[in-house]
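Given next are the chains, with one letter for each unit.
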Amino acid sequence: ECLYRPERAQGWRSSHVHTSRMSALSNHTRVTRLYRHSLKTMLSWAVQRDIFYTERDRIRAQFEANAGLNQPGQIAKAIAAGEAKLAEYSHPDPYTVPTAYGGSKYARNPPVPGEMEVVNDFGRESYVVPGKY
C-alpha cells in the first residue's frame, strides 16, 4: 500500500486552489510567450532600433491595459485576441540571428572535431623529405 496518497493531504480536494493556480500559471505562460513573440515579430518588421523602441513601448502599453482583468472569460478573450493579432502581423521572412539555426552563418565554419589530428607540418614529414629516411 502506498504511504503517501495525495487525496489524504490536507486541503487537496477541499478547495479550488489547485485548479485556479494551474489556470493562472497557464494564462501567465501564454501571456509571457505572447509578449515575447510580439517583440520578436516587431523586431522583424522594425529593424532600426529607434523605431523598434517606440513600437515596444506601444506593445507594452497594450499589455499593461489588460493587466487588471480578473474574469477568466475576459482573460481568455484578451489572450485569444492577442494571439490572433500576432498571427495577423507575422512577418513573411522573420529575422533570424545569423549564427542561429536557419541563419546565414549557421555551421559555416564548424570547429574541428576533437578526434581529428591537425598536422601543422603537412608535406614536411620525415618520410616525405628526401635524405631523412
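Here is what the cut-offs are and how they apply
- Residues numbered from 1 in each chain as written.
- Predicted model: local features only at pLDDT ≥ 70, side-chain atom pairs only at ≥ 80, totals over all residues.
- Heavy atoms only, no water.
- Core = buried A, V, L, I, M, F, W, Y, C linked by side-chain atoms within 4.5 Å.
- Buried < 20%, exposed > 50% of the residue type's maximum accessible area, 1.4 Å probe, protein only.
- Helix = DSSP H or I, 4+ residues; strand = E, 2+ residues; numbered from the N terminus.
- Phe/Tyr/Trp six-rings, centres within 6.5 Å; stacked < 30°, edge-to-face > 60°.
- Lys NZ or Arg CZ within 6 Å of the ring centre and 35° of its normal.
- pLDDT = per-residue confidence, 0-100.
- Contact = heavy atoms within 4.5 Å.

A.B. asks: I keep staring at the nonpolar core and nothing clicks. Help me out?
C.D. replies: A general feature of soluble globular proteins is that nonpolar side chains tend to end up buried together. Y35, L39, M42, A46, F52 and I59 form the largest nonpolar core, which has 6 residues in total. Contributions of two or more residues to this core are made by α1 (17–45) and α2 (49–65). It is α1 that contributes the most residues to this core, 3 residues altogether.

A.B. asks: Explain the packing of aromatic side chains to me, please; I cannot follow it from the model alone.
C.D. replies: Remark: the centre distance and the inter-plane angle together describe each pair of aromatic rings, the angle taken between the planes. All chains considered together, the criterion is met by 3 aromatic pairs. Seen in terms of ring centroids, F52 and Y53 are 6.0 Å apart; in terms of plane orientation they differ by 55°. Their pairing is tilted. The exposure class of Y53 is partly exposed, given its relative accessible area of 40%. When the ring centre of Y35 is taken as origin, the NZ or CZ atom of R60, which lies over that ring, is 5.4 Å away.

A.B. asks: Mind showing me how you'd approach the confidence of the model for the protein chain here?
C.D. replies: Should the pLDDT be low somewhere, the predicted coordinates at that spot are not to be read in detail. Here the protein chain averages 79 in pLDDT, while 71% of its residues score no lower than 70. The weakest mean pLDDT in the protein chain belongs to α1 at 78; the strongest belongs to α2 at 94. Confidence drops under a pLDDT of 50 for residues 1–23, and excluding neighbours within four residues, the segment shows 5 contacts in the predicted structure.

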